Amino acid sequence: MQTVILAAGQGTRMRPLTERRAKPMLPVADRPLSAHTAKTAVDAGASRLIIVVGYESDAVCEFFGDEFAGVPVEYAEQTEQRGTADAVRAAESHLDDGPFAVLNGDALYDEPSLTRLYEQAPAVGSYRVADPTQYGVLYTAESDGDTRVTGVVEKPADPPSNRINTGAYVFPAEAQAWLEVGESERGELELTDVLERACEESTVAAVPFERWLDVGRPWELLEANEWKVGELTRTLRGEVHEDADIRGDVVVEAGATIDAGVVIEGPALVRRGATVGPNAYIRGHTVVGNDAKVGHSVEVKNSVLMAGATVGHLSYVGDSVLGRDVNFGAGTTVANLRHDDEAVKTLVKGELTSTGRRKFGVVCGDDAKTAIQTSLNAGVKLDCDATTTPGEVVLRDKSE
Ligand code: TTP
């Protein structure tokens, strides 16, 4: 099945992590987010991938090249991010005249569910959530034990079902002629309008997905890593000191170094060129990226340290994302829990938003640097290149 992967978005809700890279290139375990999507698609039956790129596209094209997981890859450019239907239209000239799948390049899917989607085409992936009001919600109808989609509504106050749209579709071949849609209320050209048309013209199956994650906001990047780091199996290829204690499913890649006195509780991943210790403590779904450094008396819990990030001495980092080449001065401490035990809130495009997480730390854009003894409050974001002064207590987002 020819499969279009949408990867042209600007990822504005994910800032500052998308200030200098496309969201599909954010690291999830040992590869970019969209590489998980693409691999699952190929395993499920994608015979060829057409990746729609636009924002920060060079790195996407460089990573995937012209073949990925044994199938050919082509690229379509969406020059202006006008919406998902517009993105698929950009890929139109690459499609043959058969049915086609469309997947969001910033979502994680499980392979058995995606396989069922491909088999039951035309189809859309649905996922059950307790509160569907913030999602696209599917109208469904049952016939002969099958569930079909009859329509879709965005963020309804009164949801028609608890099945939400996962952004995974297989459209019938005719849908190539339906891609020219009008602007939606929010001013975008939406693929859900093409889905509505498909529901009118044919029977579209609602395929229940067992697992799905839309990675739109920084804490969802942590959730994506929790998912994929959780699938790793113990492999120690790097240099591990005999006085280090490596527990459970920990991957230490070749070229990584674990020094004396280090305790790592898996699942965790230490990537090529990274150094940990002496006397450091890493736990819970942590990724120490390529050439990153976790030094003496540093504790890192459930966090992602991107390539080259350094937490050198006497620091605590919990439930946080540190961008490329971030440097934490000695004694930098991250808060990741509120005293009232409420979910941590953070600003998303200027709006204070609940992460839904009891534990959430900080998000630092590439090259942000903290001075010694900086205290960072839960939910705070540092922009790319932002700095702090010695002893600073950061209670609000900080720009350069
Ligand atoms: P969104 O997550 O809605 O958009 P985005 O990725 O730009 O993020 P944000 O809202 O935070 O700015 O997009 C869903 C998927 O569609 C995602 O994989 C990106 C892709 N997309 C395009 O390829 N082109 C577009 O014009 C838009 C709007 C999205």
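Residues numbered from 1 in each chain as written. Predicted model: local features only at pLDDT ≥ 70, side-chain atom pairs only at ≥ 80, totals over all residues. Heavy atoms only, no water.

Participant: Would you take a moment to explain the layout of surface pockets for this structure?
Facilitator: In this approach, a probe sized like a water molecule rolls over the atoms, and the result shows the empty space that is left. Its boundaries defined by the atoms lining it, the second largest pocket holds a volume of some 550 Å³. Sorting the residues of the lining of the second largest pocket by element identifies β3 (31–32), α2 (57–64) and β27 (304–305) as the ones contributing at least two each. In terms of residue count, the dominant contributor to the lining of the second largest pocket is α2 (three residues). Along the lines of polarity and charge, the residues of the lining of the second largest pocket split into 12 nonpolar, two polar and nine charged. (1 Å grid on protein atoms, 1.4 Å probe; cavity = no way out; pocket = protein on both sides within 12 Å on 5 of 7 lines; lining within 4 Å. Points joined across faces, edges and corners; volume = space filled by probe spheres on them. Helix = DSSP H or I, 4+ residues; strand = E, 2+ residues; numbered from the N terminus. Nonpolar A, V, L, I, M, F, W, Y, C, P; charged D, E, K, R; others polar.)

Participant: Sorry if this is basic, but what is going on with the pairing of strand β28 (residues 310–313) here?
Facilitator: Looking down a regular strand, the side chains alternate between one sheet face and the other. Note: strand β25 (residues 293–296) against β28, three bridges, orientation parallel. What sits directly across from His 296, in β28, is His 313. In terms of strand pairing, β28 meets strand β31 (residues 327–328) through two bridges, oriented parallel. Paired with Val 311 across the two strands is Phe 328, which belongs to β31. (Pairing = 2+ DSSP bridges.)

Participant: Would you explain the environment of Ile 264 in this entry?
Facilitator: Counting through the fold element by element, Ile 264 comes out in strand β20 (residues 263–265). Each C-alpha atom, one on Ile 264 and one on Lys 345, is 29 Å from the other, the two residues being 81 residues apart in sequence. When sequence neighbours within four positions are dropped, the list of residues in contact with Ile 264 reads Asp 245, Ile 246, Arg 247, Val 250, Ile 258, Val 270 and Ile 282. (Contact = heavy atoms within 4.5 Å.)

Participant: It is not clear to me how the packing of helix α1 (residues 33–44) against helix α4 (residues 111–119) should be interpreted in this structure. Could you clarify?
Facilitator: When two helices pack together, their arrangement is given by the angle between the helix axes and the distance between those axes. Where α1 contacts α4, the two axes come as close as 8 Å, and the packing angle between them is 55°. The orientation of α1 with respect to α4, classified from their angle, is oblique. The way α1 lies across α4 gives a crossing that is right-handed. Counting all contacts with α1, which are made through Thr 40, Ala 41, Asp 43 and Ala 44, the residues of α4 involved are Glu 111, Leu 114, Thr 115 and Tyr 118. Partitioning the contact of α1 with α4 into residue classes produces four nonpolar, two polar and two charged. (Axes fitted to C-alpha atoms, helices over the stretch in contact; angles between N-to-C directions. Parallel < 35°, antiparallel > 145°, perpendicular 65-115°, else oblique. Left-handed = near helix turned anticlockwise from the far one by under 90°.)

Participant: I would appreciate a short explanation of the nonpolar core in the present structure.
Facilitator: Side chains of nonpolar character tend, in soluble globular proteins, to be buried together. In terms of nonpolar packing, the biggest core is built from 36 residues, with Leu 49, Ile 51, Phe 64, Tyr 109, Leu 114, Leu 117 and Tyr 118 touching the most fellow members. In this structure, Val 250, Val 334, Val 362 and Val 394 belong to the second largest nonpolar core, which totals 35 residues. (Core = buried A, V, L, I, M, F, W, Y, C linked by side-chain atoms within 4.5 Å. Buried < 20%, exposed > 50% of the residue type's maximum accessible area, 1.4 Å probe, protein only.)

Participant: What am I meant to see in the UniProt feature "domain: Nucleotidyl transferase" (unreviewed entry) in the protein chain here?
Facilitator: Per the UniProt record, "domain: Nucleotidyl transferase" (unreviewed entry) is annotated on residues 3–226. Note that residues 3–226 is 25% helix and 32% strand, and that its end C-alpha atoms are spaced 27 Å apart. (UniProt positions renumbered as here; feature names shortened; annotations may be inferred.)

Participant: Please clarify how the site of the ligand should be interpreted in this entry.
Facilitator: In the neighbourhood of the ligand, 19 residues make up the surrounding shell, with Leu 6, Thr 12, Arg 13, Gln 78 and Gly 83 lying closest. Here an oxygen atom of the ligand sits 2.5 Å away from a polar atom, N or O, in the side chain of Thr 12. The backbone of Gly 105 places a nitrogen or oxygen atom 3.4 Å from an oxygen atom of the ligand. Relative to its free-state accessible area of 560 Å², the ligand is covered by the protein chains to the extent of 86%. Of the residues belonging to the shell around the ligand, the class tally is four nonpolar, 10 polar and five charged. (Near = heavy atom within 4 Å. Polar contact = N/O pair within 3.5 Å; in protein donor to acceptor, adjacent residues only side chain to side chain. Areas by Shrake-Rupley, 256 points an atom, 1.4 Å probe, with all protein chains shown as cover.)

Participant: How should the environment of Ala 44 be read in this particular structure?
Facilitator: Within the secondary structure layout, Ala 44 lies in helix α1. For Ala 44 and Ser 113, which are 69 residues apart along the polypeptide, the C-alpha to C-alpha distance reads 8.4 Å. The residues touching Ala 44, leaving out its near neighbours within four places in the chain, are Glu 111, Leu 114, Thr 115 and Tyr 118.

Participant: Whenever I open this one, the domain arrangement of the protein chain confuses me. Can you help?
Facilitator: By the assigned domains, the protein chain splits into domain 1 (2–216) and domain 2 (228–394). Computed over C-alpha atoms, the centres of domain 1 and domain 2 are 31 Å apart. When the two sides are added together, the surface that domain 1 and domain 2 hide from each other amounts to roughly 1,500 Å², 64% of it contributed by carbon and sulfur. When the buried surface of domain 1 facing domain 2 is broken down by residue, Pro 16, Arg 20 and Ala 29 rank first, second and third, together holding 38% of it. If you look at where domain 1 meets domain 2, you find three salt bridges. (Domains from an automatic or database assignment. Buried area = accessible area lost by both parts, 1.4 Å probe. Salt bridge = Lys/Arg side-chain N within 4 Å of Asp/Glu carboxyl O.)

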